There are 2 protein chains.
Amino acid sequence: MTEAETATLRQRLVDEAVALLASGETAPSLRALARAAGVSAMAPYRHFADKDALMQAVAGRGFEMLGADLTAADEAGMAAGGSRAALIAQGHAYLAFARAHPALYRLMFADHCAAAQTPPASGRAFGVLGLRVTLLAPDNAQAATLACWAMVHGLAVMALDGVMDDVGESAEPVLALLADGIVGGERT
Amino acid sequence: MTEAETATLRQRLVDEAVALLASGETAPSLRALARAAGVSAMAPYRHFADKDALMQAVAGRGFEMLGADLTAADEAGMAAGGSRAALIAQGHAYLAFARAHPALYRLMFADHCAAAQTPPASGRAFGVLGLRVTLLAPDNAQAATLACWAMVHGLAVMALDGVMDDVGESAEPVLALLADGIVGGERT
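Given the structure is predicted, the values throughout are model-derived calculations rather than measurements. (Residues numbered from 1 in each chain as written. Chains lettered and ligands numbered in written order. Predicted model: local features only at pLDDT ≥ 70, side-chain atom pairs only at ≥ 80, totals over all residues. Heavy atoms only, no water.)

## Overview of the overall build of chain A
If you tally the helices and strands in chain A, you get 8 helices and 0 strands. Counted from the first residue to the last, chain A has its helices and strands arranged as α-α-α-α-α-α-α-α. Of the contacts formed within chain A by residues at least 6 apart in sequence, a portion of 68% connects residues at least 24 apart. (Helix = DSSP H or I, 4+ residues; strand = E, 2+ residues; numbered from the N terminus. Contact = heavy atoms within 4.5 Å.)

Written as structure tokens, this is what we have:
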């Protein structure tokens, strides 16, 4: 197998794992994954030492997807209403991602592959939020970024755990408070 | 068995379940509980239809404990520094509760016995927070209370999931932002 084919198979295995998660399998086995990808049962082991390694790669993919969604929302918000709108749009995009990919979202924050263990991808995703917060609140960027992240993560897990039904609706005034109170964004 | 003895056994079973959770059993069975309480294997069924019913009672107990901790923190904060200090003290007490009782805290927000399903006890616990927020931010109490709750819940689950190591230290500037930005508390 060439290097390019190897890289492609690794990507395909992660694709399949994301799809299996989306279909309701909480933790697809390497065997199930091999079957779904149409490769031999041993093939996944050339790319992942064990299931945890695969799940970390899947979590990393999740953070890439989240980062892309946040970037798109930020750009759309900037175009539509400026930096305050961009921050609020990121908040809505974050919550929408968690609700669209509940199993993947839980995996991304699970013990064995917590955000801390997928630094490049999770760092990029949170960098999108961090950059917007830093531009709006340069004097207090670190605490304000953590405050924003904690709040949307809290809303997201409450929505996934059924603690809150109408997270989309409830989130609107909360995100406005976040933008005005925590980040203190310009009102343009 | 007298009515008082029945009530006492129910309380004891919940006590034992809380203790079993604290000792690392993720979901104690009614059988294990009966053994721990020194009663017959069938005795728990006189009080709980099934394990879910027991777990809901345990979650309710957790919210009672949380409510008591929040109340004590609020009173201490008021005495020490006024209402802004009381709000911040509640935040620290909330995070301390989650870290001291990780399995119980997770159970309290788990799907099958989410906060929404233990309304009297969870309502009382969040009432302690809600009252303080309402006194500080009467015009925007509902959104501000949800914002505070989402933020401390987000910090708590990030701490339990190992996403953040030093939640106690990181929480300080975040709770200050919450008090000044979201709730806008007096500085006394």
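## Description of helix α4 (residues 83–100) of chain A
The terminal C-alpha atoms of α4 of chain A lie 25 Å apart, and with 18 residues this matches the ideal 26 Å at 1.5 Å per residue to within 8%. Among the residues of α4 of chain A, S83, R84, A86, L87, I88, Q90, G91, A93, Y94, L95, F97 and A98 of chain A are the ones counted as buried. (Expected span 1.5 Å × (residues − 1). Buried < 20%, exposed > 50% of the residue type's maximum accessible area, 1.4 Å probe, protein only.)

## Digging into the interface of chain A and chain B
At the junction of the two partners, chain A supplies 30 residues and chain B supplies 32 residues. Taken over both partners, the interface formed by chain A and chain B buries close to 2,300 Å², and the fraction arising from carbon and sulfur atoms is 77%. The largest share of the area that chain A buries against chain B comes from L146, V163 and L177 of chain A, three residues that together contribute 22% of it. Applying the counting criterion to the chain A and chain B interface returns 0 salt bridges. On the surface where chain A and chain B come into contact, there are 0 residue pairs in polar contact (both at pLDDT 80 or more). For the side of chain A that touches chain B, the secondary-structure elements that each account for two or more residues are α7 (141–160) and α8 (167–182) of chain A. When grouped by side-chain class, the residues that make up the side of chain A that touches chain B number 22 nonpolar, 6 polar and 2 charged. (Buried area = accessible area lost by both parts, 1.4 Å probe. Salt bridge = Lys/Arg side-chain N within 4 Å of Asp/Glu carboxyl O. Polar contact = N/O pair within 3.5 Å; in protein donor to acceptor, adjacent residues only side chain to side chain. Nonpolar A, V, L, I, M, F, W, Y, C, P; charged D, E, K, R; others polar.)

## Overview of the UniProt feature "DNA-binding region" (unreviewed entry) in chain A
Sequence positions flagged by UniProt for "DNA-binding region" (unreviewed entry) are, in local numbering, residues 29–48 of chain A. End C-alpha atoms of residues 29–48 of chain A are separated by 12 Å, and the span's content is 40% helix alongside 0% strand. (UniProt positions renumbered as here; feature names shortened; annotations may be inferred.)

## Here we look at the packing of α4 of chain A against α8 of chain A
Residue and element names in this part refer to chain A. With their axes 10 Å apart at the nearest point, α4 and α8 run at an angle of 145° to one another. Seen from above, α4 lies across α8 with right-handed handedness. Counting all contacts with α4, which are made through R84, L87, I88, G91, H92, L95 and R99, the residues of α8 involved are V167, G168, A171, E172, L175, A176, A179 and D180. A per-class count over the contact of α4 with α8 returns 8 nonpolar, 3 polar and 4 charged. (Axes fitted to C-alpha atoms, helices over the stretch in contact; angles between N-to-C directions. Left-handed = near helix turned anticlockwise from the far one by under 90°.)

## Considerations on the side chain of R61 of chain A
All names here are of chain A. Secondary-structure assignment places R61 in helix α3 (residues 51–81). Here the side chain of R61 touches Q11 through a polar contact of 2.8 Å, side chain to side chain. Setting aside chain neighbours within four positions, we find R61 in contact with Q11, V14, D15 and V18.

## Side note on the relation of the copies chain A and chain B
The two copies are related by a screw operation: chain A maps onto chain B through 180° of rotation and 0.0 Å of translation along the axis, at an RMSD of 0.0 Å. Viewed as a symmetry operation, the transformation between the two copies matches a two-fold axis. (Least-squares fit on C-alpha atoms with pLDDT ≥ 70 in both.)

## Thoughts on the confidence of the model for chain A
Per-chain confidence: chain A averages 85 in pLDDT, with 89% of residues scoring 70 or above. Confidence, expressed as mean pLDDT per element, reaches its minimum in chain A at α8 of chain A with 83 and its maximum at α4 of chain A with 94. (pLDDT = per-residue confidence, 0-100.)

## Let's talk about the pattern of salt bridges
Residue and element names in this part refer to chain A. One pass over the full model with this rule turns up 8 salt bridges over all chains. When the shortest N-O distance is used, the salt bridge between D161 and R106 registers 2.9 Å. Of this pair, D161 sits in the loop between α7 and α8 while R106 sits in helix α5 (residues 102–108), and the two are 55 residues apart along the sequence. For D161, a relative accessible area of 12% puts it in the buried group.

## Some details on the packing of aromatic side chains
Counting across every chain of the model gives 12 aromatic pairs over all chains. Considering the side-chain rings of F63 of chain A and F126 of chain A, the 5.8 Å spacing of their centres and the 65° angle between planes classify their relative orientation as edge-to-face. Of this pair, F63 of chain A sits in helix α3 while F126 of chain A sits in helix α6 (residues 119–136), and the two are 63 residues apart along the sequence. Like F63 of chain A, the residue F126 of chain A is buried in the burial classification. Their ring planes at 85° and their centres at 5.8 Å tell us that Y94 of chain B and Y105 of chain B sit as a pair that is edge-to-face. One end of the pair, Y94 of chain B, is in helix α4 (residues 83–100); the other, Y105 of chain B, is in helix α5 (residues 102–108), with 11 residues separating them in the sequence. Here the aromatic cluster, defined as three or more aromatic residues joined through ring pairs, consists of F63, Y94, Y105, F109, F126 and W149 of chain A. (Phe/Tyr/Trp six-rings, centres within 6.5 Å; stacked < 30°, edge-to-face > 60°.)

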